[in-house]
Amino acid sequence: IVALLGIGLTSDFNSIPIDLKSTVWNIIEPLSHHWQPDVESEMQNKSNIEPYLMSINTVRGDAFHTIMKYALWLKKFDQMNYEKDLKSVEKVLESLLDTDKTVSIRSAFGRWFPWIITLDSEWAKNNYKKIFIRENEELWFSSWNGLVVYTQAYDQVFNIIQPEYFKAIEMIGKAEAIFKSMANNDQRLAEHLITMYWRENIDLAQSGNLLEKFYQN
């Protein structure tokens with residue numbers, strides 16, 4: 001059901017009518033509390049599958065992705081009430097950041113972070129350190145993997161979380177010790193950095209710049 005709703009929320013031709021927004025929300029919001037995924041099952045699978053791929057194959061993970069599609073759907077079709085309804089979405093996100101310790105959901109946060117900025121840049125600025133949580137290495141790698149592997153480089157994202165790019169350079173070569181499936185992290189980091197350099201977001205004349213750090217590592 002959630003997957004079908006996701007299709008309906010993103011369709012350009014047969015989108016769900018906006019007057020059904022309460023019905024849609026009443027279906028997907030409870031699923032954001034579903035027990036699956038759980039930390040125990042993730043431990044059994046983390047050597048074989050990336051956290052983001054886990055997230056699209058679990059109930060709560062699928063609900064998270066659909067909630068983000070729902071928020072973007074609101075922004076597109078209900079601009080008059082969008083900011084009020086977005087508060088309900090942000091309440092769910094805050095609850096997950098505070099209570100959910102699964103790598104799947106943290107990776108989903110990373111995957112959707114550029115669009116979280118699009119929805120509410122101030123919320124993104126205020127909460128990014130909870131998403132890319134330094135105190136838990138597994139969760140940090142998961143959110144970083146969701147961002148760097150599954151999204152392209154965006155200027156606005158880079159400007160907000162530039163410290164995480166420095167952190168990623170420090171962690172080069174370490175992801176696979178935790179997640180054997182995270183082989184692409186470092187390659188994608190390099191691609192992001194080159195893109196940011198082309199867009200003049202990295203100044204090579206500045207001592208200690210990201211590319212300098214990257215090639216020193």
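Calculation criteria
Each chain has its residues counted from 1, following the order in which its sequence is written. pLDDT decides what is reported in this predicted model: residues at 70 or higher carry local features, side-chain atom pairs at 80 or more are listed and counted, and totals for whole chains, interfaces and linings draw on all residues regardless. Each side-chain value is worked out from all heavy atoms of the structure, with water and hydrogens disregarded. Comment: axis = line fitted to C-alpha atoms, over the contacting stretch for helices; angle = value between 0 and 180 degrees taken between N-to-C directions. Elements are defined by DSSP. Helices are runs of H or I of four residues or more, strands are runs of E of two residues or more, and each kind is numbered from the N terminus. Each angle receives one of four descriptions, namely roughly parallel if under 35 degrees, roughly antiparallel if over 145, roughly perpendicular if within 65 to 115, and oblique otherwise. Any two residues having at least one pair of non-hydrogen atoms within 4.5 Å are treated as being in contact. Amino acids are sorted into nonpolar (Ala, Val, Leu, Ile, Met, Phe, Trp, Tyr, Cys and Pro), charged (Asp, Glu, Lys and Arg) and polar (every other residue, Gly among them). Residues belong to one nonpolar core when they are buried, are Ala, Val, Leu, Ile, Met, Phe, Trp, Tyr or Cys, and are joined through side-chain atoms within 4.5 Å. Burial classes follow relative accessibility: with a 1.4 Å probe on protein chains only, a residue under 20% of its type's maximum area counts as buried, one over 50% as exposed, and anything between as partly exposed. Two aromatic rings, drawn from Phe, Tyr or Trp (for Trp, its six-membered ring), form a pair once their centres lie within 6.5 Å of each other, and the interplanar angle then sorts them: stacked below 30 degrees, edge-to-face above 60, tilted otherwise. Any Lys NZ or Arg CZ found within 6 Å of a ring centre and within 35 degrees of that ring's normal is scored as a charge over the ring. Here the arc refers to the set of directions running from the helix axis out to each C-beta atom. Working rule for handedness: look at the near helix, and if it is turned counterclockwise from the far one by less than a right angle, call the crossing left-handed; if clockwise, right-handed. Whenever a nitrogen or oxygen atom comes within 3.5 Å of another N or O atom, the pair is scored as a polar contact, on the condition that within protein one atom can donate a hydrogen and the other can accept it, and that pairs from neighbouring residues in sequence are kept only if both atoms are in side chains. Confidence of the predictor at the level of single residues is given by pLDDT, which spans 0 to 100.

Undergrad: Honestly, the packing of helix 8 (residues 121-131) against helix 10 (residues 155-170) in this entry has me stumped. Any pointers?
TA: Contact pair helix 8 / helix 10: the axes reach a minimum separation of 11 Å and the direction vectors enclose 10°. By the angle between their directions, the pair helix 8 and helix 10 is classed as roughly parallel. In contact with Ser121, Lys125 and Tyr128 of helix 8, helix 10 contributes Gln156, Ile160, Ile161, Pro163 and Glu164. Its residues assigned to classes, the contact of helix 8 with helix 10 shows four nonpolar, two polar and two charged.

Undergrad: Which parts of the structure should I look at to understand the nonpolar core?
TA: When a protein is soluble and globular, its nonpolar side chains tend to lie buried together. With 63 residues, the main nonpolar core has Phe113, Trp144 and Ile161 as its most contacted residues. Broken down by element, the residue count for this core peaks at nine residues, all from helix 7 (residues 103-119). Ile161 has contacts with Phe113, Tyr128, Phe132, Trp144 and Leu147, leaving out every residue within four places of it along the chain.

Undergrad: I would appreciate a short explanation of the packing of aromatic side chains in the present structure.
TA: The geometry of an aromatic ring pair is captured by two quantities: the separation of the ring centres and the angle between the planes. Scanning the model with the defined rule gives twelve aromatic pairs in all. Centre to centre, the rings of Trp112 and Trp115 are 5.7 Å apart; their planes meet at 70°, and the pair counts as edge-to-face. Here the residue Trp112 and the residue Trp115 both occupy positions in helix 7, the gap between them amounting to three residues, near one helical turn. Relative accessible area serves as the criterion here: at 24%, Trp115 is assigned to the partly exposed category. Three or more aromatic residues link up through ring pairs in this structure, and these residues are Trp140, Phe141, Trp144, Phe158 and Tyr165. One Lys or Arg, Arg111, reaches over the ring of Trp112 and ends 4.7 Å from the middle of that ring. If you follow Lys167 out to its NZ or CZ, it ends over the ring of Trp140, 5.8 Å from the centre.

Undergrad: Can you walk me through helix 2 (residues 21-31) in this structure?
TA: An α-helix turns once every 3.6 residues. As a result, residues three or four positions apart point the same way. The set of residues buried in helix 2 consists of Lys21, Val24, Trp25 and Ile28. Considered in projection along helix 2, the buried side chains sweep an arc of 95° and stay on one side of the axis. On its buried side, helix 2 packs onto helix 1 (2-10), helix 5 (59-77) and helix 6 (82-99).

Undergrad: When you look at the packing of helix 9 (residues 137-150) against helix 12 (residues 185-198) in this model, what are you seeing that I'm missing?
TA: Helix-helix packing is characterised by the crossing angle of the two axes and by the distance between the axes. Interaxial distance between helix 9 and helix 12 falls to 9 Å at its minimum, and their mutual angle equals 55°. With respect to helix 12, the element helix 9 is oriented oblique. Regarding helix 9 and helix 12, the two cross each other, and that crossing is left-handed. The segment helix 9 lies against helix 12, with Phe141, Trp144, Asn145, Leu147, Val148 and Val149 engaging Asn185, Arg188, Leu189 and His192. Tallied by class, the residues present in the contact of helix 9 with helix 12 amount to six nonpolar, three polar and one charged.

Undergrad: Just checking my understanding: could you explain the side chain of Asn127 for this structure?
TA: The topology assignment puts Asn127 in helix 8. Looking at Asn127, the relative accessible area reads 9%, which means it is buried. A polar side-chain atom of Asn127 sits 2.9 Å from the main-chain carbonyl oxygen of Trp123.

Undergrad: I keep staring at the confidence of the model for the chain and nothing clicks. Help me out?
TA: Any region with low pLDDT has predicted coordinates that should not be read closely. Of all residues in the chain, 99% have pLDDT values of 70 or greater, and the mean over the chain is 94. Confidence, read as mean pLDDT per element, is least for helix 11 (residues 175-178) in the chain (78) and greatest for helix 8 (98).

Undergrad: Can you help me understand the environment of Ile67 in this one?
TA: Of note, Ile67 is situated in helix 5. A sequence separation of 22 residues divides Ile67 from Val89, and the C-alpha atoms of the two residues are 7.2 Å apart.

Undergrad: Looking at this structure, I do not really get the side chain of Lys21. What am I missing?
TA: When you line up the elements, Lys21 lands in helix 2. Judged by its relative accessible area of 16%, Lys21 falls in the buried class. Only 2.6 Å separates the side chain of Lys21 from the side chain of Asp78, close enough to count as a polar contact. Leaving out residues up to four positions away in the same chain, Lys21 has contacts with Tyr70, Trp73, Leu74, Asp78, Asn81 and Asp85.

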